[in-house]
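# Summary of structural features
For reference, the chains in residue letters:
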Amino acid sequence: MRISVLLLAFCALWLTTESAHAVTVIAAEVPPYVIRSYQGAPSGMAIEVLEEAARRLDEPLTFELMPMARALIQTRHRPDVLLLPPVRSPQRESQFLWITPLLDEAFVLVSHLQHHPAPLTIEELPVQTIGVMRGSYGQSLIQSIAETRVEPVAAEANNANKLALGRIQGWAVAWNTARYTQQQAGLPLASLVRGETLQRTAIYLAAHPDFPPKEAARWRKAIQAMRRDGSLANIIKQYDYQAP
C-alpha cells in the first residue's frame, strides 16, 4: 500500500513537472516591441502578442532578455527557442525559421528639429553621422545603402539622447521605436523629424531553422487567429502604434 502511494505521488510530480515545462523565448530589447522591466518579465507589443498566443495554446513561457546582436547569435545556436522581434531580410533568411509576421514597420532616417529641421535623405548620408543600435536592422540598412559615419550603441535610448545633443545628425531606426524611445527618455516627440524611409518591412516571431515544425505551426495558427479576431490589433493599439 505504501509503495503504491509513493508511486502515485511520483507520477503526479512527474506530470506536474512535464506540464510546467516552459517554452523559452529569447527577447531582444527593442522597444516598444520588447521593453525591459526591472520587476518581473519584459513587456511590449510583441511580448503581449506572444503571451496571448501562449495563453490560447496553454503554453507557459520563460523570457531571456538580451541585446539584439546577442539574441541573434544565441538563437542560431539553440534549436529549441523562439525569438522576438527580428526583421526578416535576405541576409538572415536562411539563418532562422520565420514563423509568422506580427506587425508592419518602417525603418526611417530621423533627425532633430533643432539641428536638422529638413527631413533627412539618403543622398545626405555620406556627410552625416548616423546613430544605430548595434545588431539592429537599421544598422544593416545603413551599411548597405551608403558609405557614412555610423556610430553603433548598445541601446536606442543612447541614440535619442545623442540626437537631442547634436552629437549625431541622424538616426536609422524603426519609426515606432524612435517615437517610444524619445518619450521614455523624457524628450519632446515633436522634436523628431521623420526623414526618408529606408525600408518597409515586418516584425516577426522566429526560431532556429531546426525548431520543431509542428510546434511552429501551432504558434503560427494561434497568432493568425488573433489577427482575424482583432485581438492582435487591440494589443498594439495600446502602444500608440503607427502603421507605416
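This write-up is about the structure you can find in this document.

Conventions we followed
- Residues numbered from 1 in each chain as written.
- Predicted model: local features only at pLDDT ≥ 70, side-chain atom pairs only at ≥ 80, totals over all residues.
- Heavy atoms only, no water.
- Helix = DSSP H or I, 4+ residues; strand = E, 2+ residues; numbered from the N terminus.
- Buried < 20%, exposed > 50% of the residue type's maximum accessible area, 1.4 Å probe, protein only.
- Contact = heavy atoms within 4.5 Å.
- Areas by Shrake-Rupley, 256 points an atom, 1.4 Å probe, with all protein chains shown as cover.
- Lys, Arg positive; Asp, Glu negative; His and termini not counted.
- Charge placed at Lys NZ, Arg CZ, Asp CG, Glu CD.
- Pairing = 2+ DSSP bridges.
- Axes fitted to C-alpha atoms, helices over the stretch in contact; angles between N-to-C directions.
- Parallel < 35°, antiparallel > 145°, perpendicular 65-115°, else oblique.
- Nonpolar A, V, L, I, M, F, W, Y, C, P; charged D, E, K, R; others polar.
- Phe/Tyr/Trp six-rings, centres within 6.5 Å; stacked < 30°, edge-to-face > 60°.
- Core = buried A, V, L, I, M, F, W, Y, C linked by side-chain atoms within 4.5 Å.

Now for the overall build of the protein. Counting secondary structure elements, the protein contains 8 helices and 8 strands. Viewed in the frame of its principal axes, the protein has a C-alpha envelope of about 80 × 35 × 30 Å. When each of the 244 residues of the protein is scored for burial, the buried share is 47%. Taking as baseline every contact in the protein between residues at least 6 positions apart, the subset at least 24 positions apart corresponds to 71%. For the protein, the accessible area works out to roughly 12200 Å², and carbon and sulfur atoms hold 55% of it. Charged side chains of the protein number 23 positive and 22 negative; the gap between the two group centres comes to 2 Å.

Attention now goes to the pairing of strand S5 (residues 129-133). When a strand is regular, its side chains alternate between the sheet's two faces. Among the 5 residues of S5, 5 are classified as buried, and the element is accordingly described as predominantly covered. Burial of S5 is two-sided: the residues Thr-129, Gly-131 and Met-133 facing one way and the residues Ile-130 and Val-132 facing the other way are all buried. Note: S5 against strand S7 (residues 170-174), 2 bridges, orientation parallel. Across the sheet, Gly-131 pairs through a bridge with Trp-171, a residue of S7.

In this section: the sheet that holds S5. Pairing is mixed across the open sheet formed by 8 strands, whose spatial order is S2-S1-S3-S8-S4-S7-S5-S6. Only two strands of the sheet have a single neighbouring strand rather than two, namely strand S2 (61-66) and strand S6 (149-153). Across the sheet, the mean angle from the axis of one strand to that of its neighbour is 25°, orientation sign disregarded. Of the strand pairs in this sheet, strand S3 (residues 81-84) and strand S8 (residues 192-207) are connected by 2 bridges, and their pairing is antiparallel. The residue bridging Leu-83 from the neighbouring strand is Ala-206, located in S8. Its contacts with the sheet place helix H4 (residues 137-145) against strand S4 (97-112), S5, S6, S7 and S8, and it is angled at close to 120° to S8.

A few words on the packing of helix H5 (residues 156-165) against helix H6 (residues 175-184). Packing of H5 against H6 leaves a shortest axis separation of 9 Å and a crossing angle of 75°. When the interaxial angle is binned, H5 and H6 end up roughly perpendicular. Contact residues: H5 offers Glu-156, Ala-157 and Ala-160, while H6 offers Thr-177, Thr-181 and Gln-182. Residues of the contact of H5 with H6, tallied by class, amount to 2 nonpolar, 3 polar and 1 charged.

If you walk through the whole model with that rule in mind, you get 3 aromatic pairs. Measuring from ring centre to ring centre gives 5.8 Å for Phe-96 and Trp-98, while their planes differ by 75°; the resulting arrangement is edge-to-face. Note on Phe-107 and Tyr-137: the rings are 5.3 Å apart at their centroids and 80° apart in plane angle, and the pair reads as edge-to-face. Here the residue Phe-107 occupies a position in strand S4, and Tyr-137 occupies one in helix H4, the gap between them amounting to 30 residues.

A word on the nonpolar core. Within the largest apolar cluster, 62 residues are counted, with the highest numbers of intra-cluster contacts made by Tyr-33, Leu-50, Leu-82, Leu-84, Ile-142, Leu-205 and Trp-219. If you tally residues by element for this core, the top one is helix H2 (residues 45-57), at 8 residues. With near-sequence residues (within four places) excluded, Leu-50 lies in contact with Val-25, Leu-61, Leu-82, Leu-84, Leu-205, Trp-219 and Ile-223. Within the second largest apolar cluster, 11 residues are counted, among which are Leu-163, Ile-168, Trp-175 and Ala-178.

The next thing to look at is unusual backbone geometry. At the junction of Pro-31 and Pro-32, the peptide bond is cis and its omega measures out at 0° in the coordinates. Tracing the backbone shows Pro-32 in the loop between strand S1 (23-28) and H2. Residue Pro-85 is bonded to the preceding Leu-84 through a cis peptide linkage, with omega at -15°. The phi dihedral of Asp-58 is positive, around 55°, even though this residue is not glycine. For Asp-58, the position within the fold is in the loop between H2 and S2. Phi is positive for Asp-240, close to 55°, though the residue is something other than glycine. Here Asp-240 shows up in the segment after helix H8 (231-237). On the basis of relative accessibility, which here comes to 42%, the residue Asp-240 falls in the partly exposed class.

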